[in-house]
Amino acid sequence: MKKIVLFAMGLVLSSTTLAQDKVETTIKADFVNEYIWRGLKLGDVAVQPTFGVGYQGLSLSAWGSFGLTNPADAKEFDLTLSYTIGGLNIGVTDYWFSEGLEPEDNYFSYKSGTTNHVFEANIGYDFGVASLQWYTNFAGNDGLNKSGKRAYSSYVEASVPFKQGGAEWTAAAGIVPYATGFYDVNSFALTNLSVRASKTIQITNSFALPLFAQISANPAAKKAYLVLGFTLQP
């Protein structure tokens, strides 16, 4: 079963800039020319809306992905609850996909072995010069290990932000630490090496166009991808 999460360009509409002790609202519509996630290709051109609220480090967000050019691309609807304090962040995500083991794509079906939901927990720390994140599936339609049992599929990623040539850059490396059908690996695997640059172009006094480009390689699958994007922000 494929899983989808985010490398996007987008339309961002938000409430007025608020202090940290106020509720913040985020509304976005992101677009990607190719949907690459953790070194895996999960779809072609897509729109990926986001709706979220946050308060004092606690946030609840809904995110989706809908293919624009390929009818075979799965639709996705995710709910994420997260909390950040200092450099530490923790969260839980409920991923749901329109294709999988449930023939009628029943969103409210949570039966083990047939549900289209995958539940993932994450913990990470931002050290400033670099950040480290660990993600593990703990319930739902997870992959299986070599013994045919739930794999508790995991992904670990380290990323380093930096500035160069007037752009914001992020270099990242991600691994799957053990065998799982969820990421289609039979053992420890390096599944993601990526570098991303973003830069904002001022079109008018009131309109700016943030652009980004990303190269992502999956050494384990022997694949490489180029993602291009932009963000519309009034």
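It should be emphasised that the depicted structure is a prediction, and the values quoted were computed from it without experimental measurement.

**Focus on the packing of aromatic side chains**
- Across all of its chains, the model carries 13 aromatic pairs by this definition.
- Seen from their ring centres, Tyr 107 and Phe 108 are 5.3 Å apart, and the 85° between their planes marks the pair as edge-to-face.
- Residue Phe 108 is classed as exposed on the basis of its relative accessible area, which comes to 67%.
- Site record: aromatic cluster; members linked through ring pairs are Trp 37, Tyr 135, Tyr 155, Phe 182 and Tyr 183.
- The aromatic ring of Tyr 135 is capped on one face by Arg 38, whose charged end is 4.2 Å from the ring centroid.
- Here the basic side chain of Arg 150 rests over the ring of Tyr 152, its NZ or CZ set 5.8 Å away from the ring centre.

**Here's the deal with the environment of Ser 98**
- Topologically, Ser 98 is positioned in the loop between strand 8 (88–97) and strand 9 (117–126).
- For the pair Ser 98 and Asn 116, spaced 18 residues apart in sequence, the C-alpha separation works out to 7.2 Å.
- A polar contact of 2.8 Å, which involves the side chain of Ser 98, links it to the backbone nitrogen of Lys 75.

**Side note on the side chain of Thr 191**
- With respect to the helices, strands and loops of the structure, Thr 191 is situated in strand 13 (residues 189–202).
- Aside from chain neighbours lying at most four places away, what touches Thr 191 is Arg 38, Gly 39, Tyr 155, Gly 174, Ile 175, Val 176, Val 185, Ala 217, Asn 218, Pro 219 and Ala 220.

**Some remarks on the confidence of the model for the chain**
- The predicted model of the chain averages 88 in pLDDT, with 88% of residues at 70 or higher.
- Looking across the chain, the model is least confident in strand 1 (residues 9–14), with a mean pLDDT of 37, and most confident in strand 12 (residues 167–176), with 98.
- Per-residue pLDDT stays below 50 along residues 1–19; that stretch engages in 91 contacts with residues further than four places along the chain or on separate chains.

**Topic: the environment of Thr 69**
- Here Thr 69 lies in the loop between strand 6 (58–67) and strand 7 (76–85).
- For Thr 69, a relative accessible area of 54% gives the class exposed.
- Between the C-alpha atom of Thr 69 and that of Gly 43, which follows or precedes it by 26 residues, the distance is 9.3 Å.
- If we ignore the near neighbours within four places in the chain, the residues touching Thr 69 are Asp 44 and Val 45.

**Some words on the nonpolar core**
- In this structure, Tyr 35, Trp 37 and Tyr 183 are the most contacted members of the largest nonpolar core, which totals 17 residues.
- Of all the secondary-structure elements, those providing two or more residues to this core are strand 3 (35–37), strand 4 (40–43) and strand 8.

**Concerning the pairing of strand 4**
- Note that strand 3 and strand 4 share three bridges and pair antiparallel. Opposite Ile 36, over in strand 4, you have Lys 41 as the bridge partner.

**Observations concerning the pattern of salt bridges**
- All chains considered together, the criterion is met by five salt bridges.
- Across the pair Lys 41 and Glu 34 runs a salt bridge whose closest N-O atoms are separated by 3.1 Å.
- Under the relative-accessibility criterion, Lys 41 is labelled partly exposed at 33%.
- Taking the relative accessible area as the measure of exposure, Glu 34 reaches 15% and is therefore buried.
- Overlapping salt bridges, with partners in common, bring together Glu 34, Lys 41 and Asp 44 in one network.

Rules of the game
Residues numbered from 1 in each chain as written. Predicted model: local features only at pLDDT ≥ 70, side-chain atom pairs only at ≥ 80, totals over all residues. Heavy atoms only, no water. Phe/Tyr/Trp six-rings, centres within 6.5 Å; stacked < 30°, edge-to-face > 60°. Buried < 20%, exposed > 50% of the residue type's maximum accessible area, 1.4 Å probe, protein only. Lys NZ or Arg CZ within 6 Å of the ring centre and 35° of its normal. Helix = DSSP H or I, 4+ residues; strand = E, 2+ residues; numbered from the N terminus. Polar contact = N/O pair within 3.5 Å; in protein donor to acceptor, adjacent residues only side chain to side chain. Contact = heavy atoms within 4.5 Å. pLDDT = per-residue confidence, 0-100. Core = buried A, V, L, I, M, F, W, Y, C linked by side-chain atoms within 4.5 Å. Pairing = 2+ DSSP bridges. Salt bridge = Lys/Arg side-chain N within 4 Å of Asp/Glu carboxyl O.

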